[in-house]
Amino acid sequence: MHNLSDIVSLYEERFDTHPLLVRACGRINIIGEHTDYNNGFVLPAAVNKHIYFAIGENGTAESHLFAADIGESYSFNIHEIEPCDKLWANYLMGIMQQLQERGVTLEGVDCVFGGNLPIGSGLSSSAALECGFALGLDTLFCLDVGRVELAQLAQRSSHKFVGIPCGIMDQFASLLGREGQAIKLDCRSLEYEYIPLDLGDCELALINTKVHHELASSEYPVRVRECREGVAVIQKHHSGVESLRDITLDMLEAHRSELSEVIYRRCAYVIRENARLEEAAVCLAEGNMERLGELLLLTHEGLRDEYGVSCPELDFLVDFARGFPGVLGARLMGGGFGGCTINLIRLEAREKFLKDITKAYYRQFGIHPEYYFIRPVDGTKVVREEE
Ligand code: GLA
């Protein structure tokens, strides 16, 4: 765990120049899980869990990276970028490679980064890595790429360089988040609107299972494929269909016999989740926290039973939260198979809930879960050291 001034000191110990500073954000997602790569809607926000970057150009073809939180370094020639066995370095190198592929001329950089954004917790530390570095390079080299395009470039880098077929939600939220607001993003058109995250006498708390099952990375591409498989079946009957976004539950039912039970359930989940998101946006506008909480619980059931991306630790936390006085809803957040649950709780219930759930989880799994109170903040940005 490092703060901004630690990162500046670490940079200055290693390198001569005065660095540019970037504060990259993690993200939460209120609802709309596994909908982004299906051209659907998501409702994320950038939050106050950060990775700080100190970065400066060095006038050579070599880049030197230092990951302060884990004490690892990596150096590479910017004209010979190849994936290596350090995942974190791949996230950064992929950005440089994609920028060069876009035709811009870069130089080598020196970069130190670290922060307080928990890794593997469903808050998308990987998108924060990509987006912080991308914005840093964009600023250092006056590239003026623009935030939406930077988000797309970061997603492309995940696909092509890191090899993860993710949607655009995480990068978009990290770069375009705004204080006090969630982003309702249409992942097909990339049109978006800000929705005030005004929760009345409630707040959002994240509870970290502290587990991250291997399945998270292996099953994600499987889900992407399963959804495509469902779309291909429906396309045979409806030529205008491009993604699950264009498919209704009625269409799915009409061709259910042509789908395996698993593919049917995956597709039904995504279609229902888009509908839940629309309703959740109305709940936020009307301040209907009770219904919003119910929708979170329904999403969790869908992710567990239809989409098959939960795990015992997440289910335990959600089951414990369900029905706890003052807790309106909870669900797993992000890709699944570990990481955090997001909980909608009344302020007055906070203390007892967190105390009881922490104890119960420890008793069950022998792990002390962490919890975080998060605030929607302005997305990834260049900062000064005083900030
Ligand atoms: C991961 C991916 C996102 C999204 C979520 C699930 O965070 O990076 O694109 O698909 O899982 O909603």
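Refer to the structure above for everything that follows.
So, on to the overall build of the chain. Counting secondary structure elements, the chain contains 11 helices and 13 strands. The C-alpha atoms of the chain give 21 Å as radius of gyration, which agrees with the globular expectation for 387 residues (21 Å, within 12%). In terms of overall dimensions, the chain has a C-alpha envelope of 60 × 55 × 40 Å along the principal axes. Here the chain, with 387 residues, has 59% of them falling under the buried criterion. Entry remark: accessible area of the chain is about 15700 Å², with carbon and sulfur atoms responsible for 47%. Between the centroid of the 36 positive side chains of the chain and the centroid of its 58 negative side chains there is a distance of 5 Å.

Turning our eyes to something else, we now look at the packing of helix H8 (residues 261–286) against helix H9 (residues 289–306). In contact at an axis separation of 10 Å, H8 and H9 are set at 165° when each is read in the N-to-C sense. Taken together, the axis directions place H8 and H9 in an arrangement best described as roughly antiparallel. In the packing of H8 onto H9, the handedness of the crossing is left-handed. In this structure, H8 contributes Arg265, Arg266, Ala268, Tyr269, Arg272, Glu273, Arg276, Glu279, Ala280, Cys283 and Leu284 to the contact, and H9 contributes Met289, Arg291, Leu292, Leu295, Leu298, Thr299, Gly302, Leu303, Asp305 and Glu306. For the contact of H8 with H9, a count of residues per class yields 10 nonpolar, two polar and nine charged.

Next up on the list: the pairing of strand E6 (residues 109–115). Among the seven residues that make up E6, seven are buried, leaving the element largely enclosed by the rest of the structure. Side chains Val109, Cys111, Phe113 and Gly115 of E6 all project onto a buried face; the interleaved residues Asp110, Val112 and Gly114 project onto the opposite face, where all are buried too. Inspection of the sheet shows strand E3 (residues 44–57) paired to E6 by seven bridges, in the antiparallel sense. Pairing of Glu57 across the sheet is with Val109, part of E6. Note that strand E4 (residues 62–67) and E6 share four bridges and pair parallel. Looking across to E6, one finds that Phe66 is bridged to Val112.

This part covers the sheet that holds strand E10 (residues 327–332). One key point about sheets: their strands pair by backbone hydrogen bonds, in either a parallel or an antiparallel sense. Spatially, the four strands line up as an open sheet ordered E10-E11-E9-E12, and their pairing is antiparallel. Looking at strand neighbours, the two that pair on one side only are E10 and strand E12 (370–373), the edges of this open sheet. With direction set aside, neighbouring strand axes in the sheet form an average angle of 20°. In this sheet, strand E11 (residues 338–346) lies alongside E10 in antiparallel orientation, the contact comprising five bridges. In the strand pairing of E11, Ala330 is matched with Asn343. Sitting on the sheet, helix H10 (residues 312–321) is in contact with strand E9 (202–212), E10 and E11, with an inclination near 10° to E11. Packing against the sheet, helix H11 (residues 350–365) makes contact with E9, E10, E11 and E12, and its axis sits at approximately 15° to E9.

Looking now at the pattern of salt bridges. Taken as a whole and judged by the stated rule, the model has 25 salt bridges. Residue Arg256 pairs with Glu261 through a salt bridge whose shortest N-O separation is 3.4 Å. Note on Glu261: relative accessible area 41%, which makes it partly exposed.

Spatially, three strands are ordered E2-E7-E8 in an open sheet, and the strand pairing comes out antiparallel. Edge positions in the sheet fall to strand E2 (41–42) and strand E8 (192–196), since each has one partner strand and no second. Bridge analysis of E2 against strand E7 (residues 181–186) gives two bridges, and the strand direction is antiparallel. Among the inter-strand pairings, Phe41 is bridged to a residue of E7, identified as Asp186.

Turning our attention to the side chain of Asp170. Structurally, Asp170 can be placed in helix H5 (residues 169–176). Contact partners of Asp170, with chain neighbours within four places excluded, come to Arg27, Ser124 and Ala127.

Conventions used here
Residues numbered from 1 in each chain as written. Predicted model: local features only at pLDDT ≥ 70, side-chain atom pairs only at ≥ 80, totals over all residues. Heavy atoms only, no water. Helix = DSSP H or I, 4+ residues; strand = E, 2+ residues; numbered from the N terminus. Rg over C-alpha atoms; globule rule 2.2 N^0.38 Å. Buried < 20%, exposed > 50% of the residue type's maximum accessible area, 1.4 Å probe, protein only. Areas by Shrake-Rupley, 256 points an atom, 1.4 Å probe, with all protein chains shown as cover. Lys, Arg positive; Asp, Glu negative; His and termini not counted. Charge placed at Lys NZ, Arg CZ, Asp CG, Glu CD. Axes fitted to C-alpha atoms, helices over the stretch in contact; angles between N-to-C directions. Parallel < 35°, antiparallel > 145°, perpendicular 65-115°, else oblique. Left-handed = near helix turned anticlockwise from the far one by under 90°. Contact = heavy atoms within 4.5 Å. Nonpolar A, V, L, I, M, F, W, Y, C, P; charged D, E, K, R; others polar. Pairing = 2+ DSSP bridges. Salt bridge = Lys/Arg side-chain N within 4 Å of Asp/Glu carboxyl O.

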